[in-house]
Amino acid sequence: MTRHNKSPAFTIEKLAHDCIDVRELRRMGLFSGDWVSFRPMLRWPAIALVRAVRYAIQLDLRGHTIPQRIRVSWTRVHFGGERPWMHCPHCEKRVARLYSGLGGYFCRGCVGNPIYASQALSAQARPHFQACKLRLRLGGEASLTAPVPKRPRGMHERTYSRMKHRLLTHEGGLSRRVRSRQPDYPNLVAYLN
């Protein structure tokens, strides 16, 4: 929903469905010590096999004979423990996410530095997009005609009231015409829980 009534083809939100997030890999237990292998079926369609160890990730990409190797480093956090980071195979920049592009997975800068969807929107359309995004983060529908979602299970009461206040602030400044506008679902898909 840009000024010319069409969404840009290349946004971070559209690339997010096929990105590799090091935090997600850590939650899956891939950095436990020994080499761990798994075959992602639906999550990453371009990857045939993922092998990971504490300091490296190796991706066997479909249609490629040479696997892509990604270096992993760790930094200490304030209250103990460590945080993993991936290094872009092309520029060696330390990042949390690598995006599919150029025949592999690379950092945002190396895949062409795509914009966020909200950056392509007009000043009137940006609050609409933000309100739709907040509704999805609260577990509701993206449509502004739907009732405000109830507090999701597990969300702290203060977090919910802060997000609800932001949602109502964004929606309060919208005209009736903008409120009835259809949500930008291709870009909002990245914010589904």
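Summarised in this report is the structure supplied together with it. (Residues numbered from 1 in each chain as written. Predicted model: local features only at pLDDT ≥ 70, side-chain atom pairs only at ≥ 80, totals over all residues. Heavy atoms only, no water.)

### Describing the overall build of the protein chain
At step 1: Secondary structure summary: the protein chain contains 6 helices and 9 strands in total.
At step 2: Across its three principal directions, the C-alpha atoms of the protein chain cover 55 × 40 × 30 Å.
At step 3: For the protein chain, with 193 residues in total, the buried portion stands at 42%.
At step 4: Within the protein chain, contacts between residues separated by at least 24 positions form 43% of all contacts whose residues are at least 6 apart in sequence.
At step 5: On the protein chain, roughly 11700 Å² of surface is accessible, and the fraction owed to carbon and sulfur atoms is 53%.
At step 6: Averaged over its 34 positive side-chain charges, the protein chain has a centre that lies 6 Å from the centre of its 12 negative ones. (Helix = DSSP H or I, 4+ residues; strand = E, 2+ residues; numbered from the N terminus. Buried < 20%, exposed > 50% of the residue type's maximum accessible area, 1.4 Å probe, protein only. Contact = heavy atoms within 4.5 Å. Areas by Shrake-Rupley, 256 points an atom, 1.4 Å probe, with all protein chains shown as cover. Lys, Arg positive; Asp, Glu negative; His and termini not counted. Charge placed at Lys NZ, Arg CZ, Asp CG, Glu CD.)

### Concerning the packing of aromatic side chains
At step 1: Evaluation of the coordinates by the stated rule reveals 2 aromatic pairs.
At step 2: Between the aromatic rings of phenylalanine 38 and tryptophan 44, the centroid separation amounts to 6.3 Å while the plane-to-plane angle is 55 degrees, which identifies the pairing as tilted.
At step 3: On the basis of relative accessibility, which here comes to 2%, the residue tryptophan 44 falls in the buried class.
At step 4: The cationic tip of arginine 54 hangs over the ring face of tryptophan 74; the distance from NZ or CZ to the ring centre is 4.2 Å.
At step 5: Sitting above the plane of the tryptophan 85 ring, arginine 94 keeps its charged end 4.6 Å from the centroid. (Phe/Tyr/Trp six-rings, centres within 6.5 Å; stacked < 30°, edge-to-face > 60°. Lys NZ or Arg CZ within 6 Å of the ring centre and 35° of its normal.)

### Notes on the pairing of strand 4 (residues 56-61)
Within a regular strand, side chains alternate between the sheet's two faces.
At step 1: Most of strand 4 is tucked away: 6 of the 6 residues are buried.
At step 2: Neither face of strand 4 is exposed, since Ala56, Gln58 and Asp60 on one face and Ile57, Leu59 and Leu61 on the opposite face are all buried.
At step 3: As defined by bridge partners, strand 3 (residues 47-53) adjoins strand 4 across 6 bridges and the pair is classed as antiparallel. By the bridge assignment, leucine 49 is partnered in strand 4 with aspartate 60.
At step 4: As paired elements, strand 4 and strand 5 (residues 68-76) share 4 bridges and run antiparallel to each other. Note that in strand 5 the partner of glutamine 58 across the bridge is arginine 69.
At step 5: Taking the residues that link successive antiparallel strands as the turn, the strand 4-strand 5 hairpin has 6 residues, and the phi of glycine 63 there is positive, at about 85 degrees. (Pairing = 2+ DSSP bridges.)

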